[in-house]
Amino acid sequence: MKNKQQLGIAQIKRRRGIVFIIKDRCKGCGFCIEFCPSKVLQRSDDFNAQGYHYPIVVEEPPEKVCIACGFCSIICPEFAIYSKPLEDGEEA
Ligand code: SF4
Ligand code: SF4
């Protein structure tokens, strides 16, 4: 049986990201939670200053982590969430 190198399979490192949530801008629409491809966001039980439930990050490494795809920031109508890719060795 051929090994991974013979098959030309390289190990690909998955990009990691860190999420920033400006909680008092959030209007609680839930778009970011629903459409995050990694499912790392969930609704907070707390209310923000406007009375909405804002998102929080619930990572469960190694499977459920932010991949810094940026989709949450594109879809948020309130510009209340964004992500940044982590550098090698940087912790979330
Ligand atoms: S950047 Fe992508 S993976 Fe990270 S929280 Fe936003 S939508 Fe989810
Ligand atoms: S998409 Fe924006 S406004 Fe909607 S829940 Fe997420 S952070 Fe809040």
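Quick note: structure is the one above.
Residues numbered from 1 in each chain as written. Chains lettered and ligands numbered in written order. Predicted model: local features only at pLDDT ≥ 70, side-chain atom pairs only at ≥ 80, totals over all residues.

A. Representation of the overall build of the protein chain in the model. Within the protein chain one finds two helices and four strands. Each helix and strand of the protein chain, placed in order from N terminus to C terminus, yields the pattern β-α-β-β-α-β. Over its C-alpha trace the protein chain gives a radius of gyration of 16 Å, far above what one expects of a compact globule, namely 12 Å for 92 residues. Each principal axis of the C-alpha atoms in the protein chain carries an extent, and together these give about 60 × 25 × 20 Å. Out of the 92 residues in the protein chain, the part that is buried amounts to 21%. Pairs at least 24 apart in sequence give 66% of the contacts found in the protein chain among residues at least 6 apart. (Helix = DSSP H or I, 4+ residues; strand = E, 2+ residues; numbered from the N terminus. Rg over C-alpha atoms; globule rule 2.2 N^0.38 Å. Buried ≥ 20, exposed ≤ 12 C-beta atoms within 10 Å, placed from the backbone. Contact = placed C-beta atoms within 7 Å.)

B. How the structure looks around the environment of Glu-34. Inspection of the secondary structure assignment puts Glu-34 in helix α1 (residues 31–35). For the pair Glu-34 and Gly-89, spaced 55 residues apart in sequence, the C-alpha to C-alpha distance is 29 Å.

C. The arrangement of the site of ligand 1 in detail. Close to ligand 1 lie 15 residues, the nearest being Cys-36, Cys-66, Cys-69, Cys-72 and Ser-83. Of all the secondary structure elements, the ones that give two or more residues to the shell around ligand 1 are β1 (17–21) and α2 (71–75). Each residue belonging to the shell around ligand 1 can be placed in one class, and the counts come to 11 nonpolar, four polar and no charged. (Near = placed C-beta within 6 Å. Nonpolar A, V, L, I, M, F, W, Y, C, P; charged D, E, K, R; others polar.)

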